[in-house]
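# Geometric and topological summary
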Amino acid sequence: MTNSPVRVPLLDLKAQYATIREEIQVALLRVVESQQFILGPEVEAFEREIAAYIGCAYALGVSSGTDAILASLMAVGIGAGDEVVTAPYTFSATAQAVVRLGARPVFVDIDPLTLNINPAAVEGALTPRTRAILPIHLYGQMAEMEPIAEIAHQRHLYVVEDAAQALGATYRGQAAGTVGDLGCFSFFPSKNLGGFGDGGLVTSNDPELARRIRLLRNHGQEPKYHTRLLGGNFRLDAIQAAVLRVKLGHLDAWTLARQAHARIYRRLFAEAGLVLDPGQRERLDRQRGLILPCEAAARRHIYNQFTIWAGRRDALRAFLSARGIGSEVYYPVPMHLQESLGFLGHRVGDFPVSELAAAHTVSLPIYPELSEAMQVAVVEAIAEFYQQL
Ligand SMILES: *Cc1c(COP(=O)(O)O)cnc(C)c1O
């Protein structure tokens, strides 16, 4: 057995920084010289630029993706006794924001192909208390928004998109964050547009909702020291805006690189004979191979993650890790089984597709600076793992 000499981290932010070092340093110095650190012209310029990029009327910088969701739910008036329909297979921020407002997250299972909320199950989850639907565009691909928008329209519900992993993704030509009433983005450093710390964004085409977000992120003040709404400190720092302005200029090239890497993985895994039919999902632990990510119709998948279903996933990860190849299990425990949400009273088996995904999916390196030799090393190591079984 030979140890692969090529080490492949899950993510390599230093490699990205090396390609934009001078631009970043100029931008940072501009903020330092201005000594204006909170909101202000740098944040406003970023908001104009990213609103144009996304194609929305309003884009408001906030302190994180989590606060984007919280402020959005506050803006549409979610409170005690309300229900918000969402998926359990996601990052904890989605459901926790609902609970923090005294409302109840009502879970709907995911579609096994896309790992996004199953729109066919949304209707059955609605009650007279339902106020909003909160779909997540997981891993860089948008949820099936048309039926969700349709139900929301008929039942007078708000739609808040958790687009934290989907900046630049589209569905039938419509950008993530522009289909619902509000869109929530994250600039956590590992996201496809990552800051040098925490940051987030709320998008909208509705002037009144945008006005409320603008107030809510700054204690509900208008003007200063006169509070119209109960808000918080959800402001974006100028330093983050300056970094994000630089990176936004590279985002399309980075997305194209991610998409090219996804195509290379598909080819390499097929050539290695490792690709299983999605129907094998339930029997994965007896299979030597993996199910590739699904690109659903009419979507632009931006591959924030390249997430596969893998037989013997945990043993595979240990094998890869021993060879210096990074991977991550995003969401080993679905929300309905989280200790913090135990009061919701769910049990194992309530959302079987989410549970299956939590048990069998794993994300592979897909960052833009990845080389083809690195992808070959990843695929060869996976092939070797399944051969030795
Ligand atoms: C990253 C992420 C968030 C939270 O974003 P932060 O900026 O880390 O607060 C919310 N939802 C999803 C799906 C995410 O991936």
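Residues numbered from 1 in each chain as written. Predicted model: local features only at pLDDT ≥ 70, side-chain atom pairs only at ≥ 80, totals over all residues. Heavy atoms only, no water.

### Details of the domain arrangement of the protein
- Domain annotation of the protein identifies domain 1 (14–108 + 115–248) and domain 2 (251–387).
- Placing the centre of domain 1 and that of domain 2 at their C-alpha centroids yields a distance of 26 Å.
- On the side of domain 2, 33 residues touch domain 1, which itself brings 39 residues to the contact.
- In this assembly, domain 1 packs against domain 2 so that about 3100 Å² is buried in total across both faces, 59% of it on carbon and sulfur atoms.
- When the area that domain 1 buries against domain 2 is broken down by residue, the three leading residues are Y89, Y139 and Q141, summing to 23%.
- If you look at where domain 1 meets domain 2, you find zero salt bridges.
- Seen at the junction of domain 1 and domain 2, the total is 19 residue pairs in polar contact (both at pLDDT 80 or more).
- With four residues, helix α4 (residues 92–100) is the single largest residue contributor to the side of domain 1 that touches domain 2. (Domains from an automatic or database assignment. Contact = heavy atoms within 4.5 Å. Buried area = accessible area lost by both parts, 1.4 Å probe. Salt bridge = Lys/Arg side-chain N within 4 Å of Asp/Glu carboxyl O. Polar contact = N/O pair within 3.5 Å; in protein donor to acceptor, adjacent residues only side chain to side chain. Helix = DSSP H or I, 4+ residues; strand = E, 2+ residues; numbered from the N terminus.)

### Thoughts on the packing of helix α9 (residues 313–322) against helix α11 (residues 372–387)
- Relative to each other, α9 and α11 sit at 125°, their axes nearing to 10 Å. In this view, α9 runs oblique relative to α11, as classed from their interaxial angle. Considering only the axes of α9 and α11, their crossing is right-handed. Mapping the contact onto sequence places A315, L316, F319 and L320 in α9 and V378, A381, I382, E384, F385 and Y386 in α11.
- Of the residues contributing to the contact of α9 with α11, the split by class is nine nonpolar, no polar and one charged. (Axes fitted to C-alpha atoms, helices over the stretch in contact; angles between N-to-C directions. Parallel < 35°, antiparallel > 145°, perpendicular 65-115°, else oblique. Left-handed = near helix turned anticlockwise from the far one by under 90°. Nonpolar A, V, L, I, M, F, W, Y, C, P; charged D, E, K, R; others polar.)

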